[in-house]
Amino acid sequence: MRRKWFILAAALLLMMVMGASPVFAKTVLKLGTSTQPTHIYNQAAEYFGKLVADRTGGDIEVQVFPASQLGSERDMVEGLQLGTLEMTLTSTGPMGNFVPQVKLFNLPFLFKDRESCYRVLDGEIGTQIADRFPAVGIRSLGWFENGFRNITNSKRPINTPEDMAGLKIRVMEDDVFILTMKALGASPLPMAFGELYTALEQKTVDAQENPLAVIHSSRFFEVQKHLAMTGHFYSPAVLLISDIAWKTLSPEQQKILTEAAAEARDYERQISLKADQELEAACAREGMEVTNPDKAPFAAAVASVYTEPSVVKAIGGGDAEAGQK
Ligand code: EAX
């Protein structure tokens, strides 16, 4: 009997001592994404998590949950606001619903190459827009990359905007995408990414558009015959942390996260570029028929989106506070 008490007391003592150690002080940051485990977002999120674990001596653990397990991109941003989720790496697709100025980055044919994207996103404009996030309960740890988006469909090869006529195409949940596809003569249907594979399989929609890295990792080649390299949108991504979670971290931990995020961003941009270089051929090998349309007629067809009153108002159009109401 005495022996039993002794063991219990020893165990309690050990727990008290251990209580001060990192094992017990551990902070878990759940990080959700919409894409498949092999996608570049998740590779970058794991990379980020490893840097953070190393530099905090294991005090902070980033747990990555891919494939919309924790909800759609929009749901996850809402989770960040509520404090039910700590982090997400998301496209800017749903972000205009939270900070309307983000719609600027959703405009078609806005950037001609990656260098101009990075200059704008990492420079003053990207910083000013990211600075609006804390007012709605979220913080940006940097602009990552989804990539240049291309159109896939199950009906026909796309060579000119005319080939888009009547195509039922899934788009992300923002009016800029809807307006763009309407301007091309297609019938857009906004839908969360997690529902897309099934919608393509069941022919609820004929078409979708995404960067090659998403198309390939989601195996859309199983349900889409045609791939048109339109590059009509540059789709940024953003690494977000809940403001509630952010405030529980020490200044030192915040610094570690900020630095690790910048490194993970650079890493992700590299693997994204590599994906773009390799995956057109990989999709062709999987049986997709690839076209490389002249982009000029597509850009001309969607120019009207830039002057749509709702878009101009959201982005600012002289009234910097327009979107905050
Ligand atoms: O962020 O919804 C989409 O099509 C996005 O490109 C995808 O979820 C990756």
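Everything discussed here concerns the structure shown above.
Residues numbered from 1 in each chain as written. Predicted model: local features only at pLDDT ≥ 70, side-chain atom pairs only at ≥ 80, totals over all residues. Heavy atoms only, no water.

1. A short note on helix α3 (residues 40-55)
- Between its terminal C-alpha atoms α3 stretches 23 Å, which fits the 22 Å expected from 16 residues at 1.5 Å a residue.
- All of the buried residues in α3 are I40, Y41, N42, A44, A45, F48, G49, L51 and V52.
- Remark: G57 follows α3 within two positions and exhibits a positive phi of approximately 60°. (Helix = DSSP H or I, 4+ residues; strand = E, 2+ residues; numbered from the N terminus. Expected span 1.5 Å × (residues − 1). Buried < 20%, exposed > 50% of the residue type's maximum accessible area, 1.4 Å probe, protein only.)

2. Here's the deal with the site of the ligand
- Around the ligand, the surrounding shell consists of S34, T35, Y41, E73, S91, N146, R149, R170, M172, F193 and N210.
- Here an oxygen atom of the ligand sits 2.8 Å away from a polar atom, N or O, in the side chain of N146.
- Grouping the constituent residues of the shell around the ligand by class yields three nonpolar, five polar and three charged. (Near = heavy atom within 4 Å. Polar contact = N/O pair within 3.5 Å; in protein donor to acceptor, adjacent residues only side chain to side chain. Nonpolar A, V, L, I, M, F, W, Y, C, P; charged D, E, K, R; others polar.)

3. Regarding the packing of aromatic side chains
- Here the structure, examined in full by the defined rule, presents eight aromatic pairs.
- Geometrically, the ring pair formed by Y47 and Y267 is stacked, given 4.1 Å between the ring centres and 5° between the ring planes. Here the residue Y47 occupies a position in helix α3, and Y267 occupies one in helix α11 (residues 251-285), the gap between them amounting to 220 residues.
- Relative accessible area serves as the criterion here: at 23%, Y267 is assigned to the partly exposed category.
- Linked through ring pairs, F105, F133 and W143 together constitute an aromatic cluster.
- Directly above the ring of Y118 sits R269, whose terminal nitrogen or CZ lies 4.0 Å from the centroid. (Phe/Tyr/Trp six-rings, centres within 6.5 Å; stacked < 30°, edge-to-face > 60°. Lys NZ or Arg CZ within 6 Å of the ring centre and 35° of its normal.)

4. Quick word on the nonpolar core
- L31, F48, M87, L141, L239, I241 and L257 are the most contacted members of the largest nonpolar core, which has 47 residues in total.
- Counting residues per element, this core draws most heavily on α11, which supplies nine residues.
- Those residues in contact with L257 that sit more than four places away from it in its chain are L29, F48, V52, I60, L141, I241, W246 and L249.
- Ranked by size, the runner-up nonpolar core spans 22 residues in total, among them F105, Y118, L121 and I129. (Core = buried A, V, L, I, M, F, W, Y, C linked by side-chain atoms within 4.5 Å. Contact = heavy atoms within 4.5 Å.)

5. Description of the environment of P188
- Here P188 shows up in strand β7 (residues 187-190).
- In the structure, P188 is positioned 28 residues away from H216 in sequence and 22 Å away in space, judged by C-alpha atoms.
- If we skip the residues at most four places from it in the chain, P188 touches I169, V171, I178, M181 and K182.

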